[in-house]
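Letter by letter, the chains look like this.
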Amino acid sequence: MISIASWNINSVRLRMPIVARFLREQSPDVLCLQEIKCQEQQFPYKAFAELGYEHVAVHGQKGYHGVATVSRIPLRDFSRHDWQDNGEARHVGVELLGPGKGMVLENVYVPAGGDVPDRAVNQKFGQKLDFLERMTRWADGVERPTMIVGDFNVAPLECDVWSHKQLLKVVSHTPVEVDALQRFMDAHGWADIGRQQIAAPERYYSWWSYRSKDWRVNDRGRRLDHMWTSPDLSGQVTGHRVLEDARSWDKPSDHVPLVTEIDL
């Protein structure tokens, strides 16, 4: 049995204290981080090693984006796709070498897409759709047991947002984005572990805006973060949880961690 976590941390150096708290309290074998906002040489390797996470794969850049996978299990740096097609650090893939040997773990940070859901007037929205299309072409050729996790920046189901009606024209929940994500899912037959374990329409949010003074009272959440597996792995998943309380920790990210247990 191994446990894998995913968390858009929104600056790993700034939020290392709550990352450490999470690792001490939840003790996942592997943690995939998105939006680390640092270059590879700036990553806090020592802090993770002191917590027992000595195996690290980092794809970073200065000030923005960036992803990292830290692990107590030996791993091998496997792939770094430029699905943004502009050199941004938004993906790192690893192969697990210890427990779970042979499984590939892909860690991705999909672009947010700006504010206007129209690629004709918003270049960022077009880049997001193109990113998902490149992921879809890649997924069509995936042949190994694979788990892909991260901030997909799309809440696909009506119950994945606080108000389906009010967010239909808001980037992250528009029909064009939902359709693009569905094509990505269909390309490999990915299993949406979150909704496999927390069946719709049960509550499941992973992000609350910083603009809300009291996120719990307003509770305008969205499920932007995902953990998906190849079809052959989905039956081996034994548990999945969302740590909503982390949104109230000191200097929190606007996202919360997800954790999945797999019996390998």
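Residues numbered from 1 in each chain as written. Predicted model: local features only at pLDDT ≥ 70, side-chain atom pairs only at ≥ 80, totals over all residues. Heavy atoms only, no water.

### Examining the packing of aromatic side chains
For the structure shown, the criterion picks out 13 aromatic pairs. For the ring pair Phe152 and Phe184, a centre distance of 6.4 Å and an interplane angle of 75 degrees mean the geometry is edge-to-face. Here Phe184 lies in helix α5 (residues 175-188) and Phe152 lies in the loop between β8 (146-151) and α4 (164-167), a separation of 32 residues in the sequence. For Phe184, a relative accessible area of 0% gives the class buried. Both rings, one in Tyr205 and one in Trp208, keep their centres 6.2 Å apart while their planes meet at 80 degrees; by these two values the pair is edge-to-face. The buried category is assigned to Trp208, whose relative accessible area is 1%. An aromatic cluster is defined as three or more aromatic residues linked by ring pairs; in this entry it consists of Trp83, Phe131, Trp138, Phe152, Phe184, Trp190 and Trp228. Over the ring of Trp162 we find Arg220; its NZ or CZ atom is 4.3 Å from the centre of that ring. For Arg223, the ring lying beneath its charged end belongs to Tyr204, and the centroid distance is 5.0 Å. (Phe/Tyr/Trp six-rings, centres within 6.5 Å; stacked < 30°, edge-to-face > 60°. Helix = DSSP H or I, 4+ residues; strand = E, 2+ residues; numbered from the N terminus. Buried < 20%, exposed > 50% of the residue type's maximum accessible area, 1.4 Å probe, protein only. Lys NZ or Arg CZ within 6 Å of the ring centre and 35° of its normal.)

### As for the nonpolar core
Across soluble globular proteins, nonpolar side chains have a tendency to be buried as a group. Trp7, Val12, Phe22, Leu31, Phe43 and Phe48 are the most contacted members of the largest nonpolar core, which totals 27 residues. Within the residue set of this core, elements represented by two or more residues are β1 (2-8), α1 (16-26), β2 (30-34) and β4 (67-71). If you tally residues by element for this core, the top one is α1, at 5 residues. Those residues in contact with Phe43 that sit more than four places away from it in its chain are Val12, Ile36, Cys38, Phe48, Val56, Val58, Ala68 and Val70. (Core = buried A, V, L, I, M, F, W, Y, C linked by side-chain atoms within 4.5 Å. Contact = heavy atoms within 4.5 Å.)

### As for α1
Among the residues making up α1, those that are buried are Met16, Ile18, Val19, Ala20, Phe22 and Leu23. The inward-facing, buried residues of α1 abut β1, β2, α2 (45-50) and β14 (258-262). Two residues or fewer after α1 comes Ser27, characterised by a positive phi angle close to 50 degrees.

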